[in-house]
Amino acid sequence: MRALVSIFAGLLILISLYQLSFTWFVNQHEKEQGKKADAYVKRTYPLTPAQKYPTNTEARAYYKDTVDNARDSYLDSLLTASRDKKITWWGQTYQKAKESELLLGLDLQGGINVTMDVALDGLIKGLANNPKDPQLLRAVSEAQKRKLTSDQNFIDLFAAAYSQQNPGVKLAPLFANSNNKLPGDATDSRVLGYIHDQANAAMKQTFQVLRKRIDKFGVAQPNISLDENKGIITVELAGASDPERVRKYLQSTANLQFWEVYTLEELSPSVMNGSKALDDFLAVSKTDSNGVVTKDTSAASRNILASKIKFLPPQQDPQTGKVSYSPSLGVSLLADTSTVNRYLSIPAVRNSFPANLKFLWGKQERDEDGKLSNFLRLYAIKTVPGRDKAELEGDAIEDARQEFDQVTNEVAVSMEMNPGGGKTWARMTEKNVGKPIAIVLDDIVYSAPNVIQKIDGGNSRITMGSGGKNQQIVIEEANDLANILKAGKLEAPAVIVQEQVVGPTLGEAAVNGGIMAFGISFLVIFALMLVYYNTGGIVANIALILNLLFTIGVLSALNATLTAPGIAGLVLTIGLAVDTNVIIFERIKEELSKGNTYAQAVKTGYLRSLPPVLDAHITTLLTAIILFIYGLGPVLGFATTQILGILLSLFCGILVSRLITDFYTNKNRHFNYFTTLSKRIFKHAAYKFIQYRKVAYGISAVVLLLGVASFFHGFRYGVEFSGGRSYVVNFGKTVNEEEVRNALEKTFGTAPVIKTYGGTDKLNITTDYRVNETGLGVDSAVQGILYNGLKPYLPAGTTKQDFDTRLLEGSNKVNPTISDDLKAGAQWATFWSMLIIAVYIFIRFRDWRYSVGTIVALLHDVLVTLAVFSFLKDVVPFPLEIDQHFIAAILTVIGFSMNDTVIVYDRIREYSHTMHNADKTTILNKAINDTLSRTVMTSLTVFLTILILFLVGGEVTKGFAFAMLIGVITGTYSSIFVAAPILIDFAKDKPLGEPAAPKKADAAATKPALAKKA
């Protein structure tokens, strides 16, 4: 066994060092290339921003951005050029080593994380025989409403809604046809089975299409995963810095269509009639002096529609005298587009236009400076009567690529069609010579060129514009569009329902805070082990070092991503890793106090410590697994790290430490487990805990009342559970929270929640403004409104681009749809944790009272934490929010609380077997007193590591650390004053455990259990 442990430990050490060496080699290579990039920048831009523009702040900031971009571009070219250079001692290239390095999450290096909900409503309509069937549409609409408050599958919600709205009516008539081979009398279960199969296939197809897109996006080591049960796709793009580009890239369905177009020449009468109808509709009713109600027609003279749409008059060619009309009807301000949409949807206005017409907006164009225009073009599309699809669709596209127009030098996307598409394109262009054809992607008109002549060969082009001074942005947009078209259309569109953007500044702060917390915690625990356990502490410290090495090494080998919560998990691992040795060492000290030899004490200590160590680790492991199942995003990193840390803690704390101890004692030496300090602490502990249980019950009753009251007093839910948008803004100076809140209340219409973030110069701003709206432009529009509201408090001369790239350090968005799912998941995770632990305790101790004591103690811990987060949410200077990090803390507290409780329970069970003549009160008091040293030490090690994480770990984990601090204190209290006393007050006549059979051979061996305390 020792040889096996030695071999396995040796292999783990070699594997971990080998795996982590890639990170070291990559860092060394990138530092070397970074120095070259710095030298290049110094040669190219010899003056610093302050030297070049000593008085112009705006020019200085722009110059700094230019220099930084130049350095980044040059460094990127150096790293790309050296991708095949061998950088390891054994000949591994930079590219291969980069693929094997320890991955950092976006919260540590900056980037974008999105959770996408695969929309199945469109799929259901697409599978139906008549997508416009009123019964179908009503059921789909109802299912969408129920989805907001349910985590049930959308298809099942649709089926339930349809059955409820149409009692006794089968689904088969809606979906059965010769193509899907469903008979007309098919049962609902068979129809639903077919829809489920199609939905799973569509989700997988959507996942594969998005994967193809992301592979061409240009970020290193993208991460994408599909959860078919939840119908969500998670995408993590570490290093990505343009949220708007990511949103467009991921949410585009690639629904490409070619439509004929109505021009103003054809629609002039309709526009006039529609304008009059709108004026009449908006005319205000008034009552004259005689009480007669009339319409105030003064509004009609204002021509309201023309005030919102600037209609484009015909243009005459000065050479030929020929009159031509623009493909678009007119232009509107971006801010007026929603109003125009509302006006055009008014029945009286809509009926003024042809029935086969639909209005679409054009893409947002750029001016000569490369800035996005504030205007959008309005187009009138000729639809095909009786069908939703266009005459020519994107499935005809075989290839697409970005290129330049040889005449105008404009950026364009060239497309090649398959033979069938080429024939349709030739027919359309022949029919529309001299007229425009709109090229539409996802209901946005990208271009509408006039057809000069019939086009054979199946070639077409989307003109993207020149981009002016910022042509590179337009080239990126064209490349993105070409890649989207090549990757294919999404059968089931995916909508972003959760988004987290972390700037590099926040990522660097998280790394620095995490590393500092990790380093300080390690040193403190390392010293504590030596101070309290003398040379025995060396064993604990070696086990600790190996535990951390193995955890990080295995994370790297599994290609797992290290996140800020993951670093918090490592810090917590430091505390938990030594707990195993604390339990063992305390037992060895007890055996030594009884007069046993060192060899006997070590053997007995490891043997009798095994049950409580296993119980404590298994209960903690169970909660970590549940967190892994229900957690999303960065919290998964914490759960992964914790699971690995717990498993490796068992291996290092029991097997490796025993191996080191045996190796040392075999040389006729032994470790000393006592110091002057540890000899005195709890040496003669004889506290009457059980006698004071009624006082403890009174305190617990108060806790219960406060816990219940906290639900009425309310909590501050994080954006994950409430839905909304959260922004971290760096103002560069101290700002007044109340003034900023009042200013944004006028901007948003409702007051946002504002808290300082790490200092008075940074604010975390949370708002639910337009959170229920979807669309590609909503997020950027809200961000623009935020900028306008904050402008008076930003540094002078701050542009929108400065705000987006430098001052907005992070953002988080969660739709109400997924926030309800997250909230339900958190509740289920807490419930299952308590239930599974109670069942485990019942199996281990064969007594329902132990399970009751466990549940009551855990509820006690949870209620205390909830009460603190409710009543102190407006008192402490940092956010106390109920979010995923809080749930992670609660589940960890549940597991840790069981750590202490199980140690006490195990000793109670042991004494109930040996102390045959003692009453329950004596057994319980002795069990608690004899384990008091290890209870306090295990709590102290975890408390110290969490306290350090709270003080220096950064804002990302501050709420988590605070909840853990509360949990550690209350968990220690509940183990002593709640869990144990319950055993004496429930089923009073029942013994605490079955007494062990008396030993005949060595009656003296049982005396220490009945003897007075040593």
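Attention here is on the structure that accompanies the text.

Calculation criteria
Residues numbered from 1 in each chain as written. Predicted model: local features only at pLDDT ≥ 70, side-chain atom pairs only at ≥ 80, totals over all residues. Heavy atoms only, no water. Helix = DSSP H or I, 4+ residues; strand = E, 2+ residues; numbered from the N terminus. Buried < 20%, exposed > 50% of the residue type's maximum accessible area, 1.4 Å probe, protein only. Salt bridge = Lys/Arg side-chain N within 4 Å of Asp/Glu carboxyl O. Pairing = 2+ DSSP bridges. Axes fitted to C-alpha atoms, helices over the stretch in contact; angles between N-to-C directions. Contact = heavy atoms within 4.5 Å. Phe/Tyr/Trp six-rings, centres within 6.5 Å; stacked < 30°, edge-to-face > 60°. Lys NZ or Arg CZ within 6 Å of the ring centre and 35° of its normal. Lys, Arg positive; Asp, Glu negative; His and termini not counted.

In this section: the environment of M964. Within the secondary structure, M964 is located in helix α34 (residues 958-985). For M964, a relative accessible area of 1% corresponds to the buried category. Sequence separation between M964 and V893 is 71 residues, and the spatial gap between their C-alpha atoms is 6.3 Å.

Of note in this structure, N534 is not a glycine but carries a positive phi near 60°. Judged by its relative accessible area of 26%, N534 is partly exposed.

Before going further, it helps to examine the pattern of salt bridges. A complete count under the given rule lists 30 salt bridges for this structure. Across the pair E391 and R427 runs a salt bridge, and its minimum N-O distance is 3.6 Å. Pair noted here: E391 is in the loop between β13 (375-382) and β14 (392-393) and R427 is in helix α16 (residues 419-431), with a separation of 36 residues, a long-range link. Judged by relative accessible area, which is 30%, E391 ranks as partly exposed. Exposure remark for R427: the relative accessible area of 45% places this residue in the partly exposed category. The residue E590 makes a salt bridge to R907 at a minimum N-O spacing of 3.0 Å.

Read from one edge of the open sheet, 8 strands run β3-β4-β2-β20-β26-β23-β25-β24, paired in antiparallel fashion. Pairing within the sheet leaves two strands with one partner each, and these edge strands are β3 (223-227) and β24 (753-756). In this sheet, neighbouring strand axes are inclined to one another by 15° on average, regardless of whether the strands run parallel or antiparallel. Here strand β2 (residues 111-118) pairs with strand β4 (residues 232-238) via 7 bridges, running antiparallel. Note that in β4 the partner of T115 across the bridge is T234. In the packing of helix α28 (residues 800-807) onto the sheet, contacts are made with β23 (724-730) and β26 (808-814), and the angle to β26 comes to roughly 85°.

A separate point is the packing of aromatic side chains. Counting across every chain of the model gives 35 aromatic pairs. An angle of 40° between the planes, with centres 5.1 Å apart, marks the rings of F748 and Y769 as tilted. With F748 in helix α26 (residues 737-748) and Y769 in the loop between β25 (762-767) and α27 (778-790), this pair connects stretches of sequence that are 21 residues apart. Owing to a relative accessible area of 22%, Y769 belongs among the partly exposed residues under this scheme. Judged by centre distance (5.6 Å) and plane angle (45°), the ring pair of Y787 and F803 falls under tilted. Of the two residues, Y787 is situated in helix α27 and F803 in helix α28; the sequence distance between them amounts to 16 residues. Note on accessibility: Y787 and F803 belong to one class, buried. Feature note: the residues Y18, F22, W24, F25, W89 and W90 constitute an aromatic cluster, connected by ring pairs. Across the ring face of Y262, the terminal group of K382 is positioned such that the distance to the ring centre comes to 4.9 Å. Residue placement shows K958 over the ring face of F950; its charged tip is 4.6 Å from the ring centre.

Among the secondary structure elements, D861 is positioned in helix α30 (residues 848-871). Summary of buried charges: D861 has no salt-bridge partner, and the nearest side chain of opposite charge, R693, is 18 Å away.

Here 3 strands make up an open sheet; going across it, the order is β15-β16-β19 and the pairing antiparallel. One side of each edge strand has no neighbouring strand; the edge strands of this open sheet are β15 (397-404) and β19 (459-465). Sheet twist, expressed as the average angle between the axes of neighbouring strands with direction ignored, equals 20°. Alignment of strand β16 (residues 411-417) against β19, held across 6 bridges, turns out to be antiparallel. From the neighbouring strand, E416 faces β19, where its bridge partner is N459. Across the sheet, α16 touches β16 and β19, and the angle it forms with β16 is around 115°.

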